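# A closer look at the structure
Now for the letters of each chain:
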Number of protein chains: 2
Amino acid sequence: MTVGRVTIRDVAERAGVSTATVSRALSGARPVSPAVLEQVTRAAGDLGYSANGIASALRRSRTDTVGMVVPSIANPFFTALVEGVEHALQQAGRQLFLCSSRSDPALEAQRLRSLVARQVDGIIISPVHGVRSHDAVSWAAGQLPLVQVDRYVAGVDSDWVGVDDHLALRLVVDHLADLGVRTAAFVSSTLTNSSTELRVAGFQEHTARRGVAVDQVLLGEYSIDWGREAMRRLLAAGPLPDAVACADDLIALGVLQVCAETGVSVPADLLVTGFDDIPYAALSDPPLTTVRQPQDRIAGEAVRLLSAALGPDRAPPARSALAPSLVVRSSTGITPSG
Amino acid sequence: MTVGRVTIRDVAERAGVSTATVSRALSGARPVSPAVLEQVTRAAGDLGYSANGIASALRRSRTDTVGMVVPSIANPFFTALVEGVEHALQQAGRQLFLCSSRSDPALEAQRLRSLVARQVDGIIISPVHGVRSHDAVSWAAGQLPLVQVDRYVAGVDSDWVGVDDHLALRLVVDHLADLGVRTAAFVSSTLTNSSTELRVAGFQEHTARRGVAVDQVLLGEYSIDWGREAMRRLLAAGPLPDAVACADDLIALGVLQVCAETGVSVPADLLVTGFDDIPYAALSDPPLTTVRQPQDRIAGEAVRLLSAALGPDRAPPARSALAPSLVVRSSTGITPSG
DNA sequence: CGTCAATGGGCAATCGATTACTTTCTTGTT
DNA sequence: AACAAGAAAGTAATCGATTGCCCATTGACG
């Protein structure tokens, strides 16, 4: 397959100029005469030349590439975030190097090392774990500009953009309480990262404020399967609470599925809420009430912060929590058509 | 943030040896004495040295990185494929550089150029378009080892792994015909790539064979929104066919959603099938009958083929079409609980 | 005891592009 | 007409790691 690659030297030779001139003609780093530009362009075209990005990166010590590390690319919340980031980077003329940490701090550390070794210009990360991600993230942040999104590890000197989880749970709990809910369970993840913890804390606090009794708090992982498992446990544990709030939509979808299978009618027998508003939240049976995160704004803001950090001026770390909104659907409302 | 990076020279100096020795000690390219190894390891550790991957790549002309280009990372079918590939690569000690072409041949070409410029060792791609992707994919395949997955562009000298689309549609059509379906519509994408075309062709052929009348073939894109739109058109067009087969699950989910909204009862009034068996196909209302693709096997096979192509021996291009299986759920069956 | 092979280590070329510095050639000014 | 300033192009150092080639030491073997 591989043909002997054509280098800048070949182009220079064919155009009858020096490699310096070729470089300048092609990159526009400095003006060249129209005649030479024409020559070089033609030669490069004829030879099918494309610059060796590795060599270029080594010399310039820039790759125009940003690394992104997310816990999972199967989770639609993160895919939406990734797409937003990629789009925003595109406009800044940068490429995205995407990695999945598979919710494993060890793998995450490896990805970060690899990104640093590959000399990406900056990193956007949603860390796996509030404690076990600390060392790797902190180290990486010391090597190059780094922005945390969605979740963050405390004690790392970096920017962060995410959603206001506390406010989000106020929206959820107020909505449930307004519907007359007296007891509620919360299904979340064991992961001790910022947003997971803030969601649990927010649930506790706002239920207390509104006089809603907390039935159970079940911790597992962010997946459909865990949602199924959690709902089975709730069924096994005895009388159901009035509502089940979930820390993400995948969990909620699993809960809904088990409800459908076991004949628990939602919302007649039980109210269910999710978190994230992934595209599939509107398609479930019944459609899911959830909290919408402004992913595009989060992504845009993350890229903006990173771009700022790539610039010459040092700014103090910024933390911005964007406001979420509640999306009410049938899982906490009246069934649309019976 | 950035500290002056520590280079191999610094380590060599601290350990009192040459850079050549450091390189050999750290990479194990050639044996060094235990004493020196100890010295070097300690020095590297003290200084927090990590090799500059760019420089290393330039010299070795290898990056141990594989690029992957998919039309969309929001489509769960591709995310599953990506995860499978990443997992398989991991075991081979390689990293994945993931790009999305957003179903745009121009963007796809840009991604390919960028991957080649970045000197990835090989590329795995699911091309956007059967014709408009040709030049870029063909060019890339000429530069380095390349494997096509799922879809392929004809006339490119490369390996391909995917599913047997023709067989898949036989499974679908036979299933529908066995249930007594006399008329059916097909909702697919305008994209003229191999798998899209094979699915449409398979639908036509097998419906003809089984004596099922083809009501309409609607072409749009692989998205929930297009599924919604297509179903609205079918409703507007007059009496519904007995069944609607869809070229992917996202389309089918959109179709089901509009059915729910407009009171069309599935499967009583209409049978609906999808394609891919994404995780959300089991969660819809009603759960979706669909074709399961063996994504893990596709991913594993793609990596295996690429690894082979990276080796010294040239093998003729391989094409392997793996067998899909039908997953029957309520959208073509009896409603589980009324 | 001399020679040869094996072993460990260093020197310097190399990968390919960029760029500081220098040279050459115009052009404009007085 | 002489000289300064500016534009265009070339020369060669450089980015940081790897590796071909060579040298020195050591031990084995005849």
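Data block above holds the structure.
A brief structural summary. Keep in mind the model is a prediction, meaning the values are calculated, not measured.

A tally of helices and strands in chain A yields twelve helices and twelve strands. Here chain A has a C-alpha radius of gyration of 25 Å; the compact-globule value for 338 residues is 20 Å, and the former is much larger. For chain A, the C-alpha atoms occupy an extent of roughly 85 × 45 × 30 Å along the three principal directions. Burial status across chain A gives 52% buried among its 338 residues. In chain A, the proportion of contacts linking residues at least 24 apart, taken out of those at least 6 apart, comes to 71%.

This brings us to the sheet that holds strand S7 (residues 213-220) of chain B. Residues and elements named next belong to chain B. Read across the open sheet, the four strands follow the order S7-S6-S8-S9; overall the sheet is parallel. The open sheet is flanked by S7 and strand S9 (271-273), the only strands paired with a single partner. Between one strand axis and the next, the sheet turns by 15 degrees as a mean value, whatever way the strands run. Sheet topology note: the strand S6 (residues 183-189)/S7 ladder contains six bridges and is parallel. Each bridged residue has a counterpart across the sheet, and for Phe186 the counterpart in S7 is Val217. Each of S6, S7 and strand S8 (243-246) touches helix H9 (residues 194-210); the most contacted strand, S6, lies at about 170 degrees to it. Lying over the sheet, helix H10 (residues 224-236) contacts S6, S7 and S8, oriented at roughly 140 degrees with respect to S7.

Attention now moves to the packing of helix H8 (residues 165-178) of chain A against helix H9 (residues 194-210) of chain A. For any two helices packed against each other, one specifies the crossing angle of their axes together with the interaxial distance. Residue and element names in this part refer to chain A. As a packed pair, H8 and H9 sit with axes 8 Å apart at the nearest point and diverge in direction by 40 degrees. The orientation of H8 with respect to H9, classified from their angle, is oblique. Considering only the axes of H8 and H9, their crossing is right-handed. For the pair H8 and H9, the contacting residues are Asp165, His166, Ala168, Leu169, Arg170, Val173, Asp174 and Ala177 in the first and Ser195, Leu198, Arg199, Gly202, Phe203, His206, Thr207 and Arg210 in the second. Grouping the amino acids of the contact of H8 with H9 by side-chain chemistry returns six nonpolar, five polar and five charged.

What follows covers the pairing of strand S8 (residues 243-246) of chain A. Two faces belong to every sheet, and in a regular strand the side chains alternate between them. Residue and element names in this part refer to chain A. The alternating pattern of S8 places Ala243 and Ala245 on one face and Val244 and Cys246 on the opposite face, and all of these are buried. Pairing analysis gives four bridges linking strand S6 (residues 183-189) to S8, with the strands arranged parallel. Within S8, the residue paired with Ala184 across the bridge is Ala243. Strand direction decides the pairing type here: S8 and strand S9 (residues 271-273), joined by three bridges, are parallel. Directly across from Ala245, in S9, lies its bridge partner Thr273.

A word on the relation of the copies chain A and chain B. With an RMSD of 0.2 Å, the fit of chain A onto chain B corresponds to turning through 180 degrees and sliding 0.1 Å along the axis. Those values place the two copies in the arrangement expected of a two-fold rotation axis. Take the interface residues of chain A: 100% of them recur as interface residues in chain B, which is what a same-surface contact looks like.

Below, the discussion takes up the interface of chain A and chain B. Taken residue by residue, the interface counts 43 residues in chain A and 43 residues in chain B. Taken together, the elements giving at least two residues each to the side of chain A that touches chain B come down to helix H4 (53-60), helix H5 (76-91), strand S2 (95-100), helix H6 (105-117), helix H7 (134-143) and helix H11 (249-262) of chain A. Across the side of chain A that touches chain B, the residue classes break down as 23 nonpolar, 15 polar and five charged.

Residues in close proximity to DNA strand D total 28 residues, the closest being Ala20(A), Thr7(B), Ile8(B), Ala20(B) and Ala55(B). If you list the elements that add at least two residues to the surface near DNA strand D, you get helix H2 (19-27) and H4 of chain A together with helix H1 (8-15), helix H2 (19-27) and helix H4 (53-60) of chain B. Split by residue class, the surface near DNA strand D holds twelve nonpolar, ten polar and six charged.

To continue, consider the protein's contact with DNA strand C. What surrounds DNA strand C is a group of 28 residues, the closest being Ile8(A), Ala20(A), Ala20(B), Thr21(B) and Val32(B). Among the elements of the structure, helix H1 (8-15), H2 and H4 of chain A together with H2 and H4 of chain B are those that each provide at least two residues to the surface near DNA strand C. The residue inventory of the surface near DNA strand C, partitioned by class, reads twelve nonpolar, ten polar and six charged.

Another aspect to go through is helix H5 (residues 76-91) of chain B. Residues and elements named next belong to chain B. The first and last C-alpha atoms of H5 sit 23 Å apart over 16 residues, in line with the 22 Å expected at 1.5 Å per residue. Of all 16 residues that make up H5, twelve are buried, and the element is covered over most of its length. Of the positions making up H5, those classed as buried are Pro76, Phe77, Phe78, Thr79, Ala80, Leu81, Val82, Gly84, Val85, Glu86, Ala88 and Leu89. In the stretch just after H5, Gly93 is the one whose phi turns positive, near 75 degrees.

To continue, consider helix H8 (residues 165-178) of chain B. Residues separated by three or four positions in an α-helix point in the same direction, a consequence of the helix having 3.6 residues per turn. Residues and elements named next belong to chain B. For H8, with 14 residues, the first-to-last C-alpha span of 20 Å sits near the 20 Å given by 1.5 Å per residue. Every buried residue belonging to H8 is among Asp165, Ala168, Leu169, Leu171, Val172, Val173, His175 and Leu176, and all of these are buried. A positive phi of about 95 degrees marks Gly180, the residue just after H8.

The linkage connecting Val266(A) with the following residue, Pro267(A), adopts the cis geometry, with an omega of 10 degrees. Structurally, Pro267(A) can be placed in the loop between H11 and S9. For the peptide bond that leads from Asp285(B) to Pro286(B), omega is -5 degrees, which places it in the cis range. The phi dihedral of Arg102(A) falls on the positive side, at around 50 degrees, and the residue is not glycine.

So, on to the environment of Val36(B). Residues and elements named next belong to chain B. Checked against the element boundaries, Val36 lands in helix H3 (residues 34-47). For Val36, a count of 17 C-beta atoms within 10 Å translates into the label partly exposed. When the C-alpha positions of Val36 and Met68 are compared, they lie 40 Å apart, and in sequence the two are 32 residues distant. When near neighbours in sequence (up to four residues on either side) are disregarded, Val36 contacts Val17, Thr21 and Ala25.

Calculation rules
- Residues numbered from 1 in each chain as written.
- Chains lettered and ligands numbered in written order.
- Predicted model: local features only at pLDDT ≥ 70, side-chain atom pairs only at ≥ 80, totals over all residues.
- Helix = DSSP H or I, 4+ residues; strand = E, 2+ residues; numbered from the N terminus.
- Rg over C-alpha atoms; globule rule 2.2 N^0.38 Å.
- Buried ≥ 20, exposed ≤ 12 C-beta atoms within 10 Å, placed from the backbone.
- Contact = placed C-beta atoms within 7 Å.
- Pairing = 2+ DSSP bridges.
- Axes fitted to C-alpha atoms, helices over the stretch in contact; angles between N-to-C directions.
- Parallel < 35°, antiparallel > 145°, perpendicular 65-115°, else oblique.
- Left-handed = near helix turned anticlockwise from the far one by under 90°.
- Nonpolar A, V, L, I, M, F, W, Y, C, P; charged D, E, K, R; others polar.
- Least-squares fit on C-alpha atoms with pLDDT ≥ 70 in both.
- Near = placed C-beta within 6 Å.
- Expected span 1.5 Å × (residues − 1).

Spatial relationships are all this shows, so hold off on functional conclusions.
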